[in-house]
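Structural overview for review
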Amino acid sequence: MIPILDLKTQYEQLRDEIAVALQGVLDSGAFVLGPDVKALEREVADYCRCQHGVGVASGTDALRLSLAALDIGQGDEVITTPFTFVATANTISHSGARPVFVDIDADTYNLNPAAVAAAVTSRTKAIVPVHLYGQPADMDAIMAIAGQHGLAVIEDAAQAIGAEYKGRRAGSIGHVGCLSFYPTKNLGAYGDAGMVVTNDPVLSDKLDVLRRQGGKTKYFHEVLGFNSRLDTLQAAILRVKLRHLERWQEARREAACRYDGLLAAAGAPVTTPYVRPDVRHVYHQYTIRVPQRDALAEHLQQRGVSTMIYYPLPLHLQGLYRNLGMTEGALPIAEAAGREVLSLPMYPELTEAQQEEIVAAVVEFYR
Ligand SMILES: *Cc1c(COP(=O)(O)O)cnc(C)c1O
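Bear in mind the structure is a predicted one, so any value in this text is a computation, not a measurement.

Definitions and limits used
Residues numbered from 1 in each chain as written. Predicted model: local features only at pLDDT ≥ 70, side-chain atom pairs only at ≥ 80, totals over all residues. Heavy atoms only, no water. Core = buried A, V, L, I, M, F, W, Y, C linked by side-chain atoms within 4.5 Å. Buried < 20%, exposed > 50% of the residue type's maximum accessible area, 1.4 Å probe, protein only. Helix = DSSP H or I, 4+ residues; strand = E, 2+ residues; numbered from the N terminus. Domains from an automatic or database assignment. Contact = heavy atoms within 4.5 Å. Buried area = accessible area lost by both parts, 1.4 Å probe. Salt bridge = Lys/Arg side-chain N within 4 Å of Asp/Glu carboxyl O. Polar contact = N/O pair within 3.5 Å; in protein donor to acceptor, adjacent residues only side chain to side chain. Nonpolar A, V, L, I, M, F, W, Y, C, P; charged D, E, K, R; others polar.

1. Re the nonpolar core
Here is a general trend for soluble globular proteins: nonpolar side chains tend to be buried in one another's company. Among the nonpolar cores identified, the biggest contains 32 residues, and Val44, Ile161, Leu179, Phe181, Met195 and Leu230 are the most heavily contacted of them. Counting only elements with at least two residues in this core, the list comes to helix H1 (7-28), helix H2 (35-47), strand E9 (194-198) and helix H8 (232-266). No other element matches the 8 residues that H8 contributes to this core. When residues are assigned to domains, this core turns out to be shared by domain 1 (7-102 + 110-242) and domain 2 (245-366), each giving three or more. Setting aside its immediate chain neighbours within four residues, Val44 contacts Ile161, Leu179, Phe181, Met195, Val197 and Leu242. Counting 25 residues, the second largest nonpolar core, distinct from the first, contains Ala255, Met346, Tyr347 and Phe365.

Following this line, the structure appears as structure tokens:
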């Protein structure tokens, strides 16, 4: 079976380095926000070409605390994409604000700026673009809309650490960037972890206070905070993995290039990922668009190839968001994507032979 993702092969290469890092934390006895968290914040902020990094418990919390730091809540509207992982919108709902879903661009699957502009009202407080599959959204257009209306921009960069838009790294363009270190992400911990990166020192301070129960000094609380800290053992693991990240990103990009070539030569009715000329795509996923998607996925499964659908049902049609009153046909581009996308195995250790086997199975299906 060719898995969609192979964490085990990667761990085997890192086993000794990780053991040393973990032993260091255990010997130090500093388990919450120790030196490793501080060092990781500096290193990740540098990698994202951002001034500050604030480690939190997960990517979801990075979004949740960012919304709180920007004072977004009851009565506010936040514009976002329906074609994303549910956490993007859930955190908006938990803040008390209302998620406003608008349609996506058919080629990149990211927010369509024209649709964002059309959805701005007097209640709009923020825009949350998602850099889906590792390709940045059209940030110049989104920042221009935000600037015009005085809105905050929270980048959901959970899938896009190290991606670039016109030479700028994902997460460094909006007011804050939210990263996830969930194990399957391009930089993955061995448990939950996340970070907010920002160039705004005031927001960075606010996030630091929010993650530790709303107080700078222990037992003195200025604001209503959270308990959301990046675990120190995870920080030590992430520091080891960060040293390898660039090499892994390049391996993903090479694998994507090989898929593009193999699929183009195969002549199957497959739309390969569209990549904007002004971005660096980091291929968190390699996602194709195909006719008879479900039957192809079934065929590949039988041929020993794992695939995934990110995401089968856009958020505006989820039972959870029935109260928004949106029905089928409301956001047709996102809905079509939900019916047609299929993500193929993608990880740095994927071999050329495996990719040939995967593409041969795709070709066999359409023949
Ligand atoms: C993974 C992910 C999140 C949530 O991150 P967690 O660390 O799992 O909480 C949010 N948004 C997107 C787009 C994601 O892919």
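Having seen the model, we can carry on.
2. What about the domain arrangement of the protein?
Taken domain by domain, the protein holds domain 1 (7-102 + 110-242) and domain 2 (245-366). Just the C-alpha atoms count here: the centres of domain 1 and domain 2 sit 25 Å apart. At the junction of the two partners, domain 1 supplies 39 residues and domain 2 supplies 33 residues. Approximately 3100 Å² of surface area, both sides summed, lies buried where domain 1 meets domain 2, with 58% of it carried by carbon and sulfur atoms. Our enumeration of links across domain 1 and domain 2 arrives at 1 salt bridge. Taking the shortest distance from any N to any O, the salt bridge between Arg276 and Asp138 comes out at 3.7 Å. Where domain 1 meets domain 2, there are 23 residue pairs in polar contact (both at pLDDT 80 or more). Those elements giving two or more residues to the side of domain 1 that touches domain 2 turn out to be H1, helix H4 (87-95), strand E3 (98-101), strand E6 (164-165) and H8. Per-element tally for the side of domain 1 that touches domain 2: the top contributor is H1, with 4 residues. In the side of domain 1 that touches domain 2, the residues fall into 19 nonpolar, 13 polar and 7 charged.

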